[in-house]
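# Residue-level structure breakdown
So the chains spell out like this:
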Amino acid sequence: MSDCIFCKIIAGDMPCDKVFEDEQVIVFKDINPKAKTHWLVVPKEHVVNLQEVEDSHQSLLGHMALTISRLARQHEIGDYRVASNNGAGAGQIVFHMHWHVLSGAVDISTL
Ligand code: 5GP
Ligand code: ZN
């Protein structure tokens, strides 16, 4: 989507501090971190949020979870929280699905 900030990052039209990328997902550091480690796990396909996913996204969703698990081990971030805001009423600001990964001094009140 042309007016989507995360699509622009995925396309390379906007910079990010990238942690990982493959053909399905990109993981980058949140620009306004709420914890010592604060990553955003973002599918390359523009999906609005979990309210909009379909059965066809099953493998993508599993891939996102496994990517988090592997990266957390590789980076030795310790215990971590995975959070996803789905809908404006739940605090979603960017309407391209993303899962927050937070570790170390997590401030959950402002997520
Ligand atoms: P939401 O409230 O939609 O779940 O979270 C959106 C997150 O995206 C926020 O934590 C915000 O700091 C982050 N964010 C917004 N714009 C950018 C950006 O341009 N680059 C990066 N790296 N993070 C962003
Ligand atoms: Zn998008």
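Structure first, text after, so check above.
What comes next is a walk through the structure.

Definitions and cut-offs
- Residues numbered from 1 in each chain as written.
- Chains lettered and ligands numbered in written order.
- Predicted model: local features only at pLDDT ≥ 70, side-chain atom pairs only at ≥ 80, totals over all residues.
- Heavy atoms only, no water.
- Pairing = 2+ DSSP bridges.
- Helix = DSSP H or I, 4+ residues; strand = E, 2+ residues; numbered from the N terminus.
- Axes fitted to C-alpha atoms, helices over the stretch in contact; angles between N-to-C directions.
- Contact = heavy atoms within 4.5 Å.
- Donors = N, O, S within 2.8 Å, 3.2 Å for Na, K, Ca; no water.
- Buried < 20%, exposed > 50% of the residue type's maximum accessible area, 1.4 Å probe, protein only.
- Salt bridge = Lys/Arg side-chain N within 4 Å of Asp/Glu carboxyl O.
- Core = buried A, V, L, I, M, F, W, Y, C linked by side-chain atoms within 4.5 Å.

On to the sheet that holds strand β1 (residues 18–21), then. Taken in spatial order, the 5 strands line up as β1-β2-β3-β5-β4 in an open sheet, and their pairing is antiparallel. In this open sheet, the two edge strands, each paired with only one partner strand, are β1 and β4 (81–83). Taken pair by pair, the neighbouring strands of this sheet meet at an average axis angle of 20°, ignoring direction. With 5 bridges joining them, strand β2 (residues 25–29) and strand β3 (residues 37–43) adopt antiparallel strand pairing. Bridged to F28 within β3 is L40. Along the sheet, helix α2 (residues 58–75) contacts β1, β2, β3, β4 and β5 (99–103); its crossing angle with β3, the most-contacted strand, is approximately 150°.

The subject of this paragraph is the coordination of the zinc ion (ligand 2). Surrounding the zinc ion (ligand 2) are the protein donor atoms C4 (SG), C7 (SG), H46 (ND1) and H96 (ND1), which sit 2.0 to 2.3 Å from the metal. Mapping the donors of the zinc ion (ligand 2) onto the primary sequence gives the spacing C-x2-C-x38-H-x49-H. A relative accessible area of 7% means that C4 is categorised as buried. By relative accessible area, which is 14% here, C7 ends up buried.

On to the pairing of β1. Relative to β2, β1 is paired through 3 bridges, and the arrangement is antiparallel. Considered in β2, the bridge of F20 is made with V27. What sits between the antiparallel neighbours β1 and β2 is a turn of 3 residues.

Okay, unusual backbone geometry next. Of note in the backbone geometry, E76 takes a positive phi value of approximately 50° without being a glycine. Among the structural elements, E76 can be located in the loop between α2 and β4. Overall, E76 belongs to the exposed group, its relative accessible area being 70%.

Time to look at the pattern of salt bridges. One pass over the structure, following the stated rule, counts 3 salt bridges. In this structure, the salt-bridge partner of D17 is K29, at a minimum N-O distance of 4.0 Å. Of this pair, D17 sits in the loop between α1 (5–11) and β1 while K29 sits in strand β2; the two residues are 12 residues apart in sequence, bridging distant segments of the chain. Since its relative accessible area comes to 44%, K29 is described here as partly exposed. For E21, the salt bridge goes to K44, with nearest N and O atoms at 2.8 Å.

With that settled, the discussion passes to the nonpolar core. If you look at the biggest cluster of nonpolar residues, it comprises 16 residues, and the most contacted ones within it are V27, W39, V41, M64, L71, W99 and V101. Among the elements that line this core, the one with the most residues is α2, at 5 residues. Setting aside residues up to four positions removed in sequence, W39 forms contacts with V19, V27, F28, K29, D30, L71, A72, H75, I77, W99, H100 and V101. Counting 9 residues, the second-largest nonpolar core is a separate cluster that includes C4, F6, F28 and V42.

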